[in-house]
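As a plain string of letters, each chain reads:
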Amino acid sequence: RTARSLVAVDGGWQPIRITVSYANLGQMPDHDCEAVGDPVKVGSPETRRDVCNPSTLEDDCWYTCTQVDLMTDEKSDLLKEVMSEAVLWFN
């Protein structure tokens, strides 16, 4: 879905486009938590030794999935619903 909004450019307002795609949802094994204990990439870590610190927000590291992180059908549906609502808000 594509929505339109306005952005200030050179003192005037110009339209922008926002595209929401679910194409990669559940399609990226090294980024999706499918099972507890799975290692997944956050960003683009250089090596497997770049392990995420769970107490900080960081990029470019490997994270170990917990039960809370697993993508369920319910979470997937909720994500799609929220993103669709965001698109409608910008229209």
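Figured I'd write up the structure that's included with this text. Keep in mind the model is a prediction, meaning the values are calculated, not measured.

**What to know about the overall build of the chain**
And then number 1: Counting its regular elements, the chain contains one helix and four strands.
And then number 2: Put simply, the chain runs from its N terminus to its C terminus through helices and strands in the order β-β-β-β-α.
And then number 3: Looking at the chain as a whole, 15% of its 91 residues are labelled buried.
And then number 4: The contacts of the chain with a sequence gap of at least 6 include a subset with a gap of at least 24, amounting to 39%.
And then number 5: Entry remark: accessible area of the chain is about 7100 Å², with carbon and sulfur atoms responsible for 53%.

**Re the side chain of D32**
And then number 1: Relative to the helices and strands, D32 resides in the loop between β2 (12-19) and β3 (39-42).
And then number 2: Although D32 is buried, it forms no salt bridge, and the closest oppositely charged side chain is K80 at an N-O distance of 12 Å.
And then number 3: A polar contact is formed between the side chain of D32 and the backbone nitrogen of Q27, at a distance of 3.2 Å.

**Brief notes about the state of the cysteines**
The bond known as a disulfide is covalent and runs between the sulfur atoms of two cysteines.
And then number 1: Evaluated as defined, the whole model comprises two disulfides.
And then number 2: C33 shares a disulfide with C65; S-S distance 2.0 Å. Sign of the S-S torsion, about -85° for the bond between C33 and C65, identifies this disulfide as left-handed. With a gap of 32 residues between them, C33 in the loop between β2 and β3 and C65 in the loop between β4 (61-64) and α1 (73-90) connect regions that are remote in the sequence. For the pair formed by C33 and C65, the shared burial category is buried.
And then number 3: Listing the disulfide partners of the chain by sequence rank of the bonded cysteines yields 1-4, 2-3.

**Describing the packing of aromatic side chains**
And then number 1: All told, the structure shown has zero aromatic pairs when counted by the stated rule.
And then number 2: We note R48 situated over the ring of W62; from NZ or CZ to the ring centre the distance is 3.9 Å.
And then number 3: The ring of Y22 has K80 sitting right over it, with the charged end atom 5.8 Å from the ring centre.

**A short note on a nonpolar patch on the surface**
And then number 1: A cluster of nonpolar side chains, contributed by M71, L78, L79, V82 and M83, occupies part of the molecular surface with about 420 Å² of accessible area.
And then number 2: With respect to the secondary-structure elements, V82 resides in helix α1.

Rules used in this analysis
- Residues numbered from 1 in each chain as written.
- Predicted model: local features only at pLDDT ≥ 70, side-chain atom pairs only at ≥ 80, totals over all residues.
- Heavy atoms only, no water.
- Helix = DSSP H or I, 4+ residues; strand = E, 2+ residues; numbered from the N terminus.
- Buried < 20%, exposed > 50% of the residue type's maximum accessible area, 1.4 Å probe, protein only.
- Contact = heavy atoms within 4.5 Å.
- Areas by Shrake-Rupley, 256 points an atom, 1.4 Å probe, with all protein chains shown as cover.
- Lys, Arg positive; Asp, Glu negative; His and termini not counted.
- Salt bridge = Lys/Arg side-chain N within 4 Å of Asp/Glu carboxyl O.
- Polar contact = N/O pair within 3.5 Å; in protein donor to acceptor, adjacent residues only side chain to side chain.
- Disulfide = S-S within 2.5 Å.
- Phe/Tyr/Trp six-rings, centres within 6.5 Å; stacked < 30°, edge-to-face > 60°.
- Lys NZ or Arg CZ within 6 Å of the ring centre and 35° of its normal.
- Patch = residues over 30% accessible without salt bridge, like charges linked within 9 Å, V, L, I, M, F, W, Y side chains within 5 Å.

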